[in-house]
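Structural characterization, general
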Amino acid sequence: MQNTQTGVKTPPRTTAGPTELDAASDVKDAVTVAHTATVSRDVRETVGEIRVADPRIRCDNVSVYYGEKRAINDISLDIEKNAVIALIGPSGCGKSTFLRCLNRMNDTIDGCRVTGDIVLDEININSPKIDVVPLRAQVGMVFQKPNPFPKSIWENIAFGPRIHGLAQDKEELDEIVVSSLKRAGLWSEVNDRLDQPGTGLSGGQQQRLCIARTIAVGPEVILMDEPCSALDPIATARIEDLIDELREQYTICIVTHSMQQAARVSQRTAYFHLGDLIEVGDTDQIFTNPRHELTEDYITGRFG
Amino acid sequence: MTHSLEGHTVHRYDGELNNLHLRVLEMGGLVLDQVRHALRALQEKDSNYANTVLEREHEVDELELGIDDDVITMIAKRGPVARDLRVIMSISKAITDLERIGDEAARIAHLAKGMYESERSAPSGHLMRDVIKMAKLALEMLQESLASFDSLNATHAQALVCRENELDLEFQSSLRRLATFLLEDARNVGHAIHIVLLIKSIERIGDHARNIAEYVIYMVRGEDVRHRLGSYCETGETQTSETDINSARKR
């Protein structure tokens, strides 16, 4: 009975003093202490499932060169149908470059060369034979800064369908304008001033106008390059809510610097670092239990 | 020791997380001391120890409230994710278990006072033997779980949760012995009830200690092992530790 006292050693009451148990910790323990993600920072191969059962776009070994410089290295990734994938990573990691590959926007940059296969509907859209104009209608894009045309709201949306020949007459065009504005959640705010310039709207409204303009040409995939970085929190929430609704009909790929936004809007998240796709996985997993140390460093704010 | 709580670009974040961790250890130290005092009251038949436990109980409660407040503030301000989120959530849960251990200590203290301050004779040493033996086991478990929490050592925590639950076995056999004892002489029933309450409290302390060790595993490895210890302990941690070692070499 005596040994109840001797057998039980109490650490100091108010401090976290070391105990004899700590002394017994071996090297392996010390390691467990230091890391939770288990894939080392040195590993450059992609961690996680790059393939999905139902891809809308399948990328294989995509690399992008700006002149001699390789901006992204051998990236293979599926963009899942009717889902939102978020591309995150520090500036210069290649996430926007990768996004622009998906509708050939890199073509507009001198000295930029894209290799690898980007397959949409069994067609390699990276082939030089592809006509990029219909491609960009099929794979639409929303940019960081809202960029409405300096024309009326109506004209902003009608422009695309008209040049793509999607409407026979003014009546059909009207229909497209109204339905696009409704789907972009802007109709109730602008229905009484369709003839007024799009540039007169607030930033958040302008961005939704740009989304409506993208939707108007009947895309299947919508690319968004930091669509909320110029918007206030309320406008951002509206766009995020819209993204969630649009996901049912479209496939969405969004580049964002806001990790919280990635966590909120996406189902899958891909983390890029120095031109490599480091980790991809379910957003829930990435933000609670990332596998790669670089991913964890980045999302927990331990970068650099 | 608290390496994995650090390294944020925003240094204040490191400080806040470390501070949170330290406060839990402070609470753990106090709770451990409460349990130790409660058991000493039993062992030495000295209700002064029991009084100390009862006087300090509010300190445990206040620590719980304070830490909870810090947890909420950190979630609001920092938006923790990944490891940081797991640490903060585990802390939030661990302090609930710690507070309950504090409650059990107070319960034991009350029982000790009842037993030794009343007119009736105290239970025989024979009856108390099981209680003391179990108490020792529970204290060891609590101490080990707090040590694994201190060093954020999942290997250590795993060893604790995967070990055969000696305390539980002891609890079951104590109950059997008590039943036999009562059959022999039913006049012992008053003492027997006290003993049952005591060993139940002690058994609860062991359970809470294991919970804390489970949170440590979740914090460090991201594996939620609750309610599936069987399969977790069978498959072992070889996989995790191997990769851990690899990354250590590269560091």
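Since the structure is predicted, the reported quantities are computational estimates derived from the model, not experimental observations.

Calculation notes
- Residues numbered from 1 in each chain as written.
- Chains lettered and ligands numbered in written order.
- Predicted model: local features only at pLDDT ≥ 70, side-chain atom pairs only at ≥ 80, totals over all residues.
- Heavy atoms only, no water.
- Salt bridge = Lys/Arg side-chain N within 4 Å of Asp/Glu carboxyl O.
- Helix = DSSP H or I, 4+ residues; strand = E, 2+ residues; numbered from the N terminus.
- Buried < 20%, exposed > 50% of the residue type's maximum accessible area, 1.4 Å probe, protein only.
- Patch = residues over 30% accessible without salt bridge, like charges linked within 9 Å, V, L, I, M, F, W, Y side chains within 5 Å.
- Areas by Shrake-Rupley, 256 points an atom, 1.4 Å probe, with all protein chains shown as cover.
- Disulfide = S-S within 2.5 Å.
- pLDDT = per-residue confidence, 0-100.
- Contact = heavy atoms within 4.5 Å.
- Pairing = 2+ DSSP bridges.
- Axes fitted to C-alpha atoms, helices over the stretch in contact; angles between N-to-C directions.
- Core = buried A, V, L, I, M, F, W, Y, C linked by side-chain atoms within 4.5 Å.
- Left-handed = near helix turned anticlockwise from the far one by under 90°.
- Nonpolar A, V, L, I, M, F, W, Y, C, P; charged D, E, K, R; others polar.

Residues and elements named next belong to chain A. Scanning all chains against the criterion turns up 30 salt bridges over all chains. Residue Asp-78 pairs with Arg-58 through a salt bridge whose shortest N-O separation is 2.8 Å. Here Arg-58 lies in strand β1 (residues 55-66) and Asp-78 lies in strand β2 (residues 69-80), a separation of 20 residues in the sequence. Overall, Arg-58 belongs to the partly exposed group, its relative accessible area being 30%.

Our focus in this paragraph is a nonpolar patch on the surface. Residues and elements named next belong to chain B. Judged by side-chain polarity, Val-189, Ile-193 and Leu-197 come together as a nonpolar surface patch covering roughly 260 Å² of accessible area. Within the secondary structure, Val-189 sits in helix α7 (residues 189-221). Look at Val-189 and you get partly exposed, because its relative accessible area is 41%.

The subject of this paragraph is the state of the cysteines. Enumeration over the complete set of coordinates arrives at one disulfide over all chains. Here Cys162(B) engages in a disulfide with Cys233(B); their sulfurs sit 2.0 Å apart. Negative torsions about the S-S bond denote left-handed disulfides, and the value of about -80° found for Cys162(B) with Cys233(B) makes this one left-handed. Taken together, the residues span a long stretch of sequence, with Cys162(B) in helix α5 (residues 154-162) and Cys233(B) in helix α8 (residues 229-235) at a distance of 71 residues. You can see Cys59(A) has no disulfide; the closest cysteine sulfur is in Cys101(A), sitting 7.7 Å from it.

The subject of this paragraph is the confidence of the model for chain A. On average, chain A scores 87 in pLDDT, and the residues at 70 or more come to 88%. Of the regions scoring below 50 in pLDDT, residues 1-35 of chain A engages in 76 contacts with residues more than four places distant in sequence or in other chains.

Next up on the list: the sheet that holds strand β10 (residues 276-282) of chain A. Residues and elements named next belong to chain A. Ordered by their spatial adjacency, six strands build an open sheet running β6-β7-β8-β3-β9-β10, and the pairing between neighbours is mixed. The open sheet terminates on both sides in strands that have one partner only, identified here as β6 (139-142) and β10. In this sheet, neighbouring strand axes are inclined to one another by 20° on average, regardless of whether the strands run parallel or antiparallel. Each of β6 and β7 (221-225) touches helix α9 (residues 203-216); the most contacted strand, β6, lies at about 170° to it. Relative to the sheet, helix α10 (residues 233-246) contacts β3 (84-88), β7 and β8 (251-255), its axis offset from that of β8 by approximately 150°.

Bringing the pairing of β6(A) into the picture now. Residues and elements named next belong to chain A. Of the two faces of β6, both are covered, the one formed by Val-139 and Met-141 as well as the one formed by Gly-140 and Val-142. Where β6 lies against β7, four bridges are found, and the strand directions are parallel. Among the inter-strand pairings, Val-142 is bridged to a residue of β7, identified as Met-224.

Let's shift gears to the side chain of His208(B). All names here are of chain B. Structurally, the position occupied by His-208 is in helix α7. Looking at His-208, the relative accessible area reads 3%, which means it is buried. Contact partners of His-208, with chain neighbours within four places excluded, come to Asp-97, Arg-100 and Ile-101.

Turning to the sheet that holds β1(A), a few remarks are in order. All names here are of chain A. Reading across the sheet, the four strands line up as β2-β1-β4-β5 and stay open at both edges, with antiparallel pairing between neighbours. If you trace the sheet from one side to the other, it starts and ends with β2 and β5 (123-124), each paired once. Note that strand β4 (residues 112-120) and β5 share two bridges and pair antiparallel. Across the sheet, residue Val-119 finds its bridge partner in β5, namely Asn-124.

Here we come to the nonpolar core. In terms of nonpolar packing, the biggest core is built from 74 residues, with Leu42(B), Phe149(B) and Ile202(B) touching the most fellow members. Elements with a contribution of two residues or more to this core: α1 (11-43), α2 (47-78), α3 (82-117), α4 (125-151), α5, α6 (166-184), α7 and α8 of chain B. Among the nonpolar cores identified, the runner-up in size contains 46 residues, and Val190(A), Leu209(A), Cys228(A) and Leu294(A) belong to it.

Turning our attention to the packing of α5(B) against α7(B). Residue and element names in this part refer to chain B. Following both chains from N to C, one finds α5 and α7 inclined at 145°, their axes separated by 8 Å at the closest point. At the point where α5 passes α7, the crossing takes the left-handed sense. Here α5 contributes Ala-154, Thr-155, Ala-157, Gln-158, Leu-160 and Val-161 to the contact with α7, which in turn contributes Ala-209, Arg-210, Ala-213, Glu-214, Val-216, Ile-217, Val-220 and Arg-221. Considering only residue class, the contact of α5 with α7 consists of nine nonpolar, two polar and three charged.

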